[in-house]
Amino acid sequence: MIPFRIGYGYDVHALGENLPLVLGGVEIAHTKGCIAHSDGDVVLHAICDALLGAAALGDIGLHFPDTSEEFAGIDSRLLLARCTALLREKGYTVGNIDCTVAMQRPRLRPYIDRMREAIARTIGIDTDAVSVKATTTERLGFEGREEGVSASAVALIVRTEEAAR
């Protein structure tokens, strides 16, 4: 058995006026927020998909379908915690996360450290093992036109010693 695996995740949501904007488990001050079944946290959704993919456990839609009332308006930190529990059940821990969020406005730099802390706390790893980066798309594409936000993430998961025996 390979002692580690790598997964990739991607998510996108349209933006709508006067909705809350939550990214990386942190509420961001902005006039627009994500149109979504859950809280629309594209950062956490991309991380969930990266973790699930690394463990060959499918994707976020398989485990938390947007057709289920159980997940309507749900805090995506709860989804991330459930994904982490699924990894543990399969004998893995999270090694590290690297995520990039793309949107034109607002500037996300003031929120990055809080996002890293929220993600690390939810997963149960050191903040040093979580990287969150933000970029604009130089006014190109749906992110640049401020119609939506996207996030991509990669995750390293490591087989636990107990599972390796």
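Scope of this entry: the structure provided in the associated data block. (Residues numbered from 1 in each chain as written. Predicted model: local features only at pLDDT ≥ 70, side-chain atom pairs only at ≥ 80, totals over all residues. Heavy atoms only, no water.)

1. Re the overall build of the protein chain
In terms of regular secondary structure, the protein chain is built from 6 helices and 7 strands. Going residue by residue from the N terminus, the α and β elements of the protein chain occur as β-β-β-β-α-α-α-β-α-β-α-β-α. Relative to the globule expectation of 15 Å for 165 residues, the C-alpha radius of gyration of the protein chain, 15 Å, shows essentially globular dimensions. With the C-alpha coordinates of the protein chain rotated into their principal frame, the extents come out at 50 × 35 × 25 Å. A burial count over the protein chain gives 50% of its 165 residues as buried. When the accessible surface of the protein chain is summed, it comes to about 8200 Å², and 52% of that surface belongs to carbon and sulfur atoms. Averaging the coordinates of the 17 positive side-chain charges in the protein chain and doing the same for the 23 negative ones gives two points 4 Å apart. (Helix = DSSP H or I, 4+ residues; strand = E, 2+ residues; numbered from the N terminus. Rg over C-alpha atoms; globule rule 2.2 N^0.38 Å. Buried < 20%, exposed > 50% of the residue type's maximum accessible area, 1.4 Å probe, protein only. Areas by Shrake-Rupley, 256 points an atom, 1.4 Å probe, with all protein chains shown as cover. Lys, Arg positive; Asp, Glu negative; His and termini not counted. Charge placed at Lys NZ, Arg CZ, Asp CG, Glu CD.)

2. Quick look at the layout of surface pockets
When its volume is computed, the largest pocket comes out at roughly 240 Å³. The wall of the largest pocket is formed by 14 residues, among which H37, S38, H45, F64 and D66 lie closest to the centre. Those elements that provide at least two residues to the lining of the largest pocket are β1 (4-17) and α2 (60-63). Here the lining of the largest pocket is composed, by residue class, of 7 nonpolar, 5 polar and 2 charged. (1 Å grid on protein atoms, 1.4 Å probe; cavity = no way out; pocket = protein on both sides within 12 Å on 5 of 7 lines; lining within 4 Å. Points joined across faces, edges and corners; volume = space filled by probe spheres on them. Nonpolar A, V, L, I, M, F, W, Y, C, P; charged D, E, K, R; others polar.)

3. Some thoughts on a nonpolar patch on the surface
Residues I2, F4, I6, Y8, Y10, V12 and V154 make up a contiguous nonpolar surface patch of about 700 Å² in total accessible area. Structurally, I6 can be placed in strand β1. Its relative accessible area of 61% is what places I6 among the exposed residues. (Patch = residues over 30% accessible without salt bridge, like charges linked within 9 Å, V, L, I, M, F, W, Y side chains within 5 Å. Salt bridge = Lys/Arg side-chain N within 4 Å of Asp/Glu carboxyl O.)

4. Remarks on the nonpolar core
Judged by nonpolar contacts, the single largest core of 48 residues is most densely connected at L23, V43, I47, L51, M115 and I119. Of all elements in the fold, only β2 (21-23), β3 (26-28), α1 (42-54), α3 (76-89), β5 (92-102), α4 (112-123), β6 (130-135) and β7 (148-159) reach the threshold of two or more residues within this core. The biggest single contributor to this core is α1, with 10 residues. Leave out the neighbours within four places in its chain, and L51 touches L80, T84, L87, V94, I97, A155 and I157. (Core = buried A, V, L, I, M, F, W, Y, C linked by side-chain atoms within 4.5 Å. Contact = heavy atoms within 4.5 Å.)

5. Focus: the sheet that holds β5
Taken in spatial order, the 5 strands of this open sheet run β4-β1-β7-β5-β6, and their pairing is mixed. Pairing within the sheet leaves two strands with one partner each, and these edge strands are β4 (32-34) and β6. Direction aside, the axes of adjacent strands within the sheet are offset by 25 degrees on average. As judged from the 3 bridges shared by β1 and β4, these two strands associate in the antiparallel manner. (Pairing = 2+ DSSP bridges. Axes fitted to C-alpha atoms, helices over the stretch in contact; angles between N-to-C directions.)

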